[in-house]
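# Coordinate analysis (summary)
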Protein chains: 4
Amino acid sequence: MSTRPSYRKPAGPVFKTIKGNAMDDKFHDECGIVGVYGHPEAAKLAYLSLYAQQHRGQESAGIVSSNGKKICHHKGMGQVADVFSENTLKRLRGWVAIGHTRYSTAGDTVLLNAQPLTASFNRGLVSIAHNGNLTNARQLRKTLEDGGSIFQTTSDTEVILHLIARSKKKDFPDALAESLLQLEGAYSLVVLHQDHLYAVRDPRGFRPLVMGILPRIPGQASLPELTADSAFVFASETCAFDLIGAQTICEVQPGEIVQVNSEGYRVTRFAPENQHSFCIFEHVYFARPDSMIFGRSVHSSRDNLGRRLAREAPADADIVVPVPDSGVAAAVGYSAESGLPFHFALIRNHYVGRTFIEPEQSIRDFGVKLKLNPVRSILEGKRVVLVDDSIVRGTTSRKIVRIVREGGASEVHVRISCPPTISPCFYGIDTPTQKELIASSHNVEEIRQYLEADSLVYLSLEGLLASVGDDKGEFCTACYTGNYPTKLVQLQAEANQRR
Amino acid sequence: MSTRPSYRKPAGPVFKTIKGNAMDDKFHDECGIVGVYGHPEAAKLAYLSLYAQQHRGQESAGIVSSNGKKICHHKGMGQVADVFSENTLKRLRGWVAIGHTRYSTAGDTVLLNAQPLTASFNRGLVSIAHNGNLTNARQLRKTLEDGGSIFQTTSDTEVILHLIARSKKKDFPDALAESLLQLEGAYSLVVLHQDHLYAVRDPRGFRPLVMGILPRIPGQASLPELTADSAFVFASETCAFDLIGAQTICEVQPGEIVQVNSEGYRVTRFAPENQHSFCIFEHVYFARPDSMIFGRSVHSSRDNLGRRLAREAPADADIVVPVPDSGVAAAVGYSAESGLPFHFALIRNHYVGRTFIEPEQSIRDFGVKLKLNPVRSILEGKRVVLVDDSIVRGTTSRKIVRIVREGGASEVHVRISCPPTISPCFYGIDTPTQKELIASSHNVEEIRQYLEADSLVYLSLEGLLASVGDDKGEFCTACYTGNYPTKLVQLQAEANQRR
Amino acid sequence: MSTRPSYRKPAGPVFKTIKGNAMDDKFHDECGIVGVYGHPEAAKLAYLSLYAQQHRGQESAGIVSSNGKKICHHKGMGQVADVFSENTLKRLRGWVAIGHTRYSTAGDTVLLNAQPLTASFNRGLVSIAHNGNLTNARQLRKTLEDGGSIFQTTSDTEVILHLIARSKKKDFPDALAESLLQLEGAYSLVVLHQDHLYAVRDPRGFRPLVMGILPRIPGQASLPELTADSAFVFASETCAFDLIGAQTICEVQPGEIVQVNSEGYRVTRFAPENQHSFCIFEHVYFARPDSMIFGRSVHSSRDNLGRRLAREAPADADIVVPVPDSGVAAAVGYSAESGLPFHFALIRNHYVGRTFIEPEQSIRDFGVKLKLNPVRSILEGKRVVLVDDSIVRGTTSRKIVRIVREGGASEVHVRISCPPTISPCFYGIDTPTQKELIASSHNVEEIRQYLEADSLVYLSLEGLLASVGDDKGEFCTACYTGNYPTKLVQLQAEANQRR
Amino acid sequence: MSTRPSYRKPAGPVFKTIKGNAMDDKFHDECGIVGVYGHPEAAKLAYLSLYAQQHRGQESAGIVSSNGKKICHHKGMGQVADVFSENTLKRLRGWVAIGHTRYSTAGDTVLLNAQPLTASFNRGLVSIAHNGNLTNARQLRKTLEDGGSIFQTTSDTEVILHLIARSKKKDFPDALAESLLQLEGAYSLVVLHQDHLYAVRDPRGFRPLVMGILPRIPGQASLPELTADSAFVFASETCAFDLIGAQTICEVQPGEIVQVNSEGYRVTRFAPENQHSFCIFEHVYFARPDSMIFGRSVHSSRDNLGRRLAREAPADADIVVPVPDSGVAAAVGYSAESGLPFHFALIRNHYVGRTFIEPEQSIRDFGVKLKLNPVRSILEGKRVVLVDDSIVRGTTSRKIVRIVREGGASEVHVRISCPPTISPCFYGIDTPTQKELIASSHNVEEIRQYLEADSLVYLSLEGLLASVGDDKGEFCTACYTGNYPTKLVQLQAEANQRR
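Residues numbered from 1 in each chain as written. Chains lettered and ligands numbered in written order. Predicted model: local features only at pLDDT ≥ 70, side-chain atom pairs only at ≥ 80, totals over all residues.

## Focus on the sheet that holds strand 9 (residues 210–215) of chain A
All names here are of chain A. Ordered in space as 3-2-4-1-10-9-11, the seven strands form an open sheet in which the pairing is antiparallel. Each end of this open sheet is capped by a strand with a single partner; those strands are strand 3 (71–77) and strand 11 (247–251). The average angle at which neighbouring strand axes cross in this sheet is 15 degrees, direction not considered. Contacting strand 1 (31–37), strand 2 (60–66), strand 4 (96–102) and strand 10 (230–235), helix 1 (residues 42–52) crosses the sheet at an angle of about 25 degrees to strand 4. (Pairing = 2+ DSSP bridges. Helix = DSSP H or I, 4+ residues; strand = E, 2+ residues; numbered from the N terminus. Axes fitted to C-alpha atoms, helices over the stretch in contact; angles between N-to-C directions. Contact = placed C-beta atoms within 7 Å.)

What follows is the structure, given as structure tokens:
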């Protein structure tokens, strides 16, 4: 009843879908996490931090809080502001909280997968929020099931709970560390056990995780349980700290566990140093531009990308136009470097919802028109440099080129601020399968023809690495190179190619 | 209703309630279950069957269906008609389905406990719906947790899933049987595994479970997978069969597993014959009067109760008035036997909802008034026999007596169609704790004084047993006698009394 | 764009439906109204009073309140408990309130018709709640439109607002009285203007309207604006007073206006005495049995109907079975008078909702089964007297007879506690058109054959009148006789018959 | 925002607000309208057109459709995509439709004011959707009420319906024209009567209204009623036409009625030419940049504003930063003209909802932080030109300046792409009262000090007019000058100043 092909899907019961190609499964991708320790409004701060990280996942959200004696939790489908009300936040009592926001597929069953996941075992209750994707979850799950474990979600994260429960280590931190050593792939975690908070980052550091401090206001609700003067906060991105007024202390380093309790925090290493594999796509597209990710300003990276693109791929054109919103930052850089004027010539409808109703009589390119309308007064007779951050399947890009041309442009020169995307991600970014990626099977000229563009240039890999300041090979660029940093995925990828 | 004896709660994580006192929860009581095998509209028949059994649990409902390859499920808080829509039923495809409706406490977390519970393990997916309450769940849970199991609900039912997963038996039916032998207490179960349906009743047969047959209409959507000509259905009560047009075949006997698959059904015994402990409260109050329960008409039992009460406890009065709706059936019997005219002199408001808004200025006995209004033209100057099926805490009964008197009655003679309720139920009926039961600490005269009634008589235990035709001691009467048929509960009950 | 045939529909724009037969229009029927003056929780008392009168209309509800300076209102589709929340009631400030609950057809537009209706004109704001149906609304509307008025609802009640606005009388009470004199048909009204409350009943008194008094609790929120010591309340039925603890003072007499303001109340007569036309159907079916209607106990009337029926139409049978819930009261009377035992042999599902989902494979008589299940243990081999209050189209009655027979009855003798219903009501009860009434075109024997009953007897008109104690011809019996007490309707009815 | 000059409110019933001061309401501002004639999917096209104009009003939406025989309508609170579902659109049958989207204050009563407004009178049903604000509505309303009219909304638009109903003209178009001549102020209207559609623009042309054509696809659902080959569409902005694929024909000229029926369209003039008073704020802020408004590209106007601002008010600075989203277009122009690099240094949270929950412990400038976060890597040590389109109360601007400085800016030079806003609008833009406008009582240097900016320069009025190409004085600039083009408002404004 549960055919589990290939390595993509980290195993699990098959709810509602049996896919011949499990590469499509997108359950595990793109999340934001947060942890708060030692604040009388812990759940509200978690809520605000999730809110600032809403771009990391908009389909479900959850918070678990604790006052050291009792655990409260609330999760639901939808955006953060919809899932939580004044009342639900009020019920989330305590001075410790962890939270999670995520993408997921539609459907009622998915609430089971919403995080944080909570389970009870012989050490009491533990809750966990996970950003990333485990690449050996399927193998671990099979072993666990053979040992008598039952699984109630399809989330790879559930595997971690089982490993902790099965550990023979006496102390929780040791059990946690022992469990982590069995994982392969990407994981930034916040874990709540009793009144202790743990923040964890995998040995390669695929996903970001930062630690901050928030002084408690004198005279605020007293927390006799705590001796530290400040609250500690963790988040995927620093923009969460900006909103709640926290100061960034540091990144949680790859292979480290930060444990926070009433006496303060303590950093331990659960895994030896490994080659870093920071996700370069966080800088290219995913993170907010006002965040610091892997110690670098995201905005600067994107500005660099646009400037480098202008140098590598100049165009004999009149204006620079971004594809909103993904191409804006690079387009501003391109314009600055090239001297060509920047114009918002594609206007985005900010009210687009998921359940939009189409007319039965097809309006040509209706879906894209719903999102983008060209400004004829800008485009009329102009040679346009159209900047975006990537081409995925090519179908949307093709429609946008057409819209720009119908808006009056005499030439459309497409410039992409990355190399061609040729391989899917298995570390937590939701990308289509290899087959669907147009650049996996077409060269640049073929893609240009498909787009009906006058020219098409991608940024070079060197340009990309230089733009994010990677001179030590610390970034994972698997989506542009097909070189996966973890063994299991790499073997499978090679096997796939031999077929 | 809060302080439960310590053996009540079968263990589980403490969501939202203080950890020090884990004994508060009342999650396991009062449910209706249903199973359908071999019908192209299995989920819709399950839905209708739950609907007919809505009185057995109104706070959550769920259905799991299967077409042999894939499992679909939907559950939600609320009544059956609210939880399921045309669309959700459409998505519940397949020819096998199990369903569950239940009471539970309020709060968002409870959805996790809604049944059927589904888990994945090394035998694939299994779903289970449970009516009853396991009395050794806490012990089993501790053992399982010590062995590395994690629990994601507070339901005793989850224990069964773990036991099956841990069984070393090769075949699923053997693993199921092995697991059942470890359980103590009350359980009527329907279990869905692959495309097999299992119906189970505990060796004492605390809770009802009946099997029926539904001929498939010729020319209906073909089911090539099936060889049997008919669909088989299971339900807690026969009224579910009446609605869907099925014929009752038999009761699932205590200690039996009925397994249904594409070739037909097969009955096996997983436990030796044991003393029966049919729940007498099903006949007294819980089941629908149009159902056959334990092979007897519920209506007949209730009519008998009223008639016997009239003989045991006649009253020098003018009219017989039921407390709606619980006292109606017995009051009709009382009237018929005594010759005193029957009158609906308390009118019930059928629209009472849970979130009713009270005025700030207290209206005396507002809550009861909201439900019951006296008909003065009947009561004026009359000596009234007021019939109900039980007195629990006494507070509501006291208010009703007062209302009847304010409605003009010159005398109020309370007659109860059962013996005094002195002990809580641990087999699946949600009763208050012993302390809260007025009859556990007051004699009949004291209760009469508290009620301010002119007389008060309860039916005798003999009268009760005779009314339900129990001449072989097959019924559990623990709530009236304190004699619990299972060892663990009995020991704990005795220990409590020694304190 | 608005073809308005025949006299049934009192005119109005045609929203969403153009019916060839406007007799079907059921916009104006079956309502409950309430008025509260001089209480700090006026809106809450109105809410409770509507709640008690929920049986008079379950599809929309509304309340308008005033503190003498500002008007607040809230209305919505659904039952009272759903339409109002703690918050909406809090916002309905003031010491005066009127409320309304009603039936209506489904659809979003209907909210426009929800009452109370409020309008602004040169005398300020006026709100009105109406129970009944105006039979000359169409004519009045045409005249008003010809004079330049615009209508924003399809409700006949809007006509009253326009008439008041057009009146040249200087004082509001005079303008109100002048307007009322132009109306024909049924109207019990509560009207809110500034801080004055008016209660009105049409000269024939078709619909009930009672006045009560509620002492204000000493020390309650002071109402310096008021000099009277008590709050005054108005409602369609006395059961509303029972719930809020008010004492009935009197009925508002036909042709009277009761005006309440800060100085007390004053009764005036706006129309001369007329022949009374109390709606007999209030006693037969519509009102709650615990209410006093037209000065009589509704329960007594129904008990009388059953007893009289037993005398007029005895049956050689074994048991008396009511069609729940409409036939219960008369069946109890029939049983008492005949000596035949009374049994609830048809069990009603109390959870029936409007949006129930049927199986695609038709289950025979599914709709009725969903509501009623026979108790075989009672019916088996019995000769049954089946009692109901009316037969409308005959289709449902036929199904019920069949269900009783399938439940095991050897004979089914149908007894109806009224004469045959041969004519539709135009005074506020929602009945089908004449064509649809089976008794308008079939004699009793034909109906019996259609029902497949062993015998069928209706109560006589004399029996009906005697049962409600009408010795002065004060009741309207048009539905049983076709004699309409108002001219316009009578003329039209006669014209229809000539066709 | 509460004390409005007394002429603001065009009178009407006082719902929920104190009667003594009826001037508080802001019901009449900022709307988008649409009309579709002669298309089988008229309602869907109206829906799409409203969707494209969502920025013109996000709090309620409505559509009325007609097939010549029957009118269907649906309106609700919320954004277009929330108000309409597939089902509601399906029910809006017919080939003619008008729609409306608007701002309004919160509260349940407001649904009554949602447009289109529909009324029935002696000419049948008429529906109307209105963008703009009538400045003599209060006077007209009083006259109408004195004549016996009743008002059921607080909308000035209802006045128009009454005037049409009162007109003695025989034909509807004549009655419409006669009514329009009595109006003063701003109104762009679409009117639906029988199967005729009317589009109207006031003689000064305050608000935009464009007409377009949409060829019907051959083979589409036939419309035998129509002889014209194409559908005609009307909208406030051309961006609506872009989405549905319509071609702009022309603007509806000030003082014109365009009547469309089955035979085509006909333009008539109902008022003589008047001085034009095009709303300049449509170009400055309100309209979408991809629309043509008053025959000009909105984007071009805004680009001009930024360029002119750079020339009039250069700054010795390093970068140009817009206040998102209002200042973006002008900032791009400023950057291009000045040569200073453009940077998005304030990141907007796109997920801001209305019901956001604040922490109890105040986070400094929390509200603005929730919307805007500074990018430190850009701002650090930079001299910033901060560009916005207006300063209203000054409080938000002050917080933004502070945020920019806290983000690391060494200097903040504020540049505003308009003259100071000194007077409220009474023609359909929702601005605060004069008192609340900081520029009405403070000079530029005082404002600069309040903002704590290093410099502050507004664009000159000449610069503004030149940027929108107004060389003939066709624009209303009352908000910047206090010179109101209509008499009643001007008199009142002068009276206010004398106080």
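And the narrative resumes.
## Concerning helix 1 (residues 42–52) of chain D
Most of helix 1 of chain D sits inside the fold, with 11 of its 11 residues counted as buried. The set of residues buried in helix 1 of chain D consists of Ala42(D), Ala43(D), Lys44(D), Leu45(D), Ala46(D), Tyr47(D), Leu48(D), Ser49(D), Leu50(D), Tyr51(D) and Ala52(D). (Buried ≥ 20, exposed ≤ 12 C-beta atoms within 10 Å, placed from the backbone.)

## Here we look at the environment of Thr157(A)
Residues and elements named next belong to chain A. Within the secondary structure, Thr157 is located in helix 5 (residues 157–166). A tally of 25 C-beta atoms within 10 Å means that Thr157 is categorised as buried. Here the alpha-carbon distance between Thr157 and Gly132, two residues 25 residues apart in the chain, equals 9.3 Å.

## Looking at the domain arrangement of chain A
Many authors give the size of an interface as the accessible area that is lost as the parts come together. As assigned here, chain A comprises domain 1 (25–274) and domain 2 (297–498). Each of domain 1 of chain A and domain 2 of chain A has a C-alpha centre, and the two are 33 Å apart. (Domains from an automatic or database assignment.)

## Details of the environment of Val323(B)
Residues and elements named next belong to chain B. Inspection of the secondary structure puts Val323 in the loop between strand 17 (319–322) and helix 10 (328–338). Residues Val323 and Val96, 227 residues apart in the sequence, show an inter-C-alpha distance of 41 Å. Leave out the neighbours within four places in its chain, and Val323 touches Leu346, Leu386, Val387, Asp388 and Ile400.

## Let's talk about the pairing of strand 2 (residues 60–66) of chain C
Residue and element names in this part refer to chain C. Within strand 2, seven of the seven residues are buried, which leaves the element mostly enclosed by the surrounding structure. Here strand 2 shows a buried face lined by Ser60, Gly62, Val64 and Ser66 and a second buried face lined by Ala61, Ile63 and Ser65. Pairing between strand 2 and strand 4 (residues 96–102): seven bridges, direction antiparallel. Of the residues in strand 4, the one forming a bridge with Val64 is Ile98. As defined by bridge partners, strand 2 adjoins strand 3 (residues 71–77) across seven bridges and the pair is classed as antiparallel. Bridged to Val64 within strand 3 is His73. Linkage of strand 2 to strand 3, two consecutive antiparallel strands, is achieved through a turn of four residues, within which Gly68 is found at a positive phi near 90 degrees.

## Some thoughts on the environment of Val191(A)
Residue and element names in this part refer to chain A. Among the secondary structure elements, Val191 is positioned in strand 7 (residues 188–193). A sequence separation of 70 residues divides Val191 from Asn261, and the C-alpha atoms of the two residues are 12 Å apart. Setting aside residues no more than four positions away along its own chain, Val191 makes contact with Val126, Ile128, Leu176, Tyr198 and Val200.

## Points about unusual backbone geometry
Most of the time, phi is negative for any residue but glycine, and the peptide bond is trans. With omega at 0 degrees, the peptide bond leading from Gln115(B) into Pro116(B) counts as cis. Its location among the elements puts Pro116(B) in the loop between strand 4 (96–102) and strand 5 (117–121). Of note, the amide linkage connecting Pro324(B) to Asp325(B) takes the cis form, showing an omega dihedral of -10 degrees. Residue position: Asp325(B) is located in the loop between strand 17 and helix 10. The phi angle at Phe294(B) is positive, at roughly 50 degrees, despite the residue not being glycine. Here Phe294(B) lies in the loop between strand 15 (292–293) and strand 16 (296–297). Overall, Phe294(B) belongs to the buried group, with 23 C-beta atoms counted inside 10 Å. You will see that Gln194(C), though not glycine, has its phi angle at about 50 degrees, which is positive. Along the chain, Gln194(C) turns up in the loop between strand 7 (188–193) and strand 8 (196–201). What makes Gln194(C) partly exposed here is the crowd of 17 C-beta atoms within 10 Å.

## Points about the pairing of strand 7 (residues 188–193) of chain B
All names here are of chain B. Summarising burial for strand 7: six of the six residues are buried, a large majority. Residues Ser188, Val190 and Leu192 of strand 7 are buried on one face, and the alternating residues Leu189, Val191 and His193, pointing to the opposite face, are buried as well. With six bridges joining them, strand 6 (residues 124–131) and strand 7 adopt antiparallel strand pairing. By the bridge assignment for strand 7, Ile128 is matched with Val191. As paired elements, strand 7 and strand 8 (residues 196–201) share six bridges and run antiparallel to each other. Counted as the bridge partner of Val191 is Tyr198 from strand 8. If you look at the hairpin formed by strand 7 and strand 8, you'll find two residues sitting between the two strands, and Gln194 has a positive phi there, around 50 degrees.

## Looking at the packing of helix 5 (residues 157–166) of chain B against helix 6 (residues 172–180) of chain B
Residues and elements named next belong to chain B. Where helix 5 meets helix 6, the closest approach of the two axes is 8 Å, and the angle between their N-to-C directions is 125 degrees. As the angle between them shows, helix 5 and helix 6 are arranged oblique. The hand of the helix 5/helix 6 crossing is right-handed. Here Ile160, Leu163 and Ile164 of helix 5 lie close against helix 6, whose contacting residues are Ala175, Leu176 and Ser179. Taken together, the residues that form the contact of helix 5 with helix 6 break down as five nonpolar, one polar and no charged. (Parallel < 35°, antiparallel > 145°, perpendicular 65-115°, else oblique. Left-handed = near helix turned anticlockwise from the far one by under 90°. Nonpolar A, V, L, I, M, F, W, Y, C, P; charged D, E, K, R; others polar.)

## Describing the sheet that holds strand 22 (residues 455–458) of chain C
Residues and elements named next belong to chain C. Spatial ordering of the open sheet is given by 17-20-21-22, a layout of four strands whose pairing is parallel. Strands with a single pairing partner mark the edges of an open sheet, and in this sheet they are strand 17 (319–322) and strand 22. When the angles between neighbouring strand axes are averaged without regard to direction, this sheet yields 25 degrees. Of the pairings in the sheet, the one linking strand 17 to strand 20 (residues 383–388) comprises four bridges and is parallel in character. By the bridge assignment, Val320 is partnered in strand 20 with Val385.

## Observations regarding the confidence of the model for chain A
Residues and elements named next belong to chain A. Scored by pLDDT, chain A comes out at a mean of 87, with 86% of its residues at no less than 70. With pLDDT under 50 throughout, residues 1–28 is counted as low confidence; its partners more than four residues away or in other chains account for 75 contacts. Segment residues 105–109 is flagged for pLDDT under 50; beyond a separation of four residues in sequence, or across chains, it makes eight contacts in the model. Both scores are available for the predicted complex, with the pTM at 0.87 and the ipTM at 0.87. (pLDDT = per-residue confidence, 0-100.)

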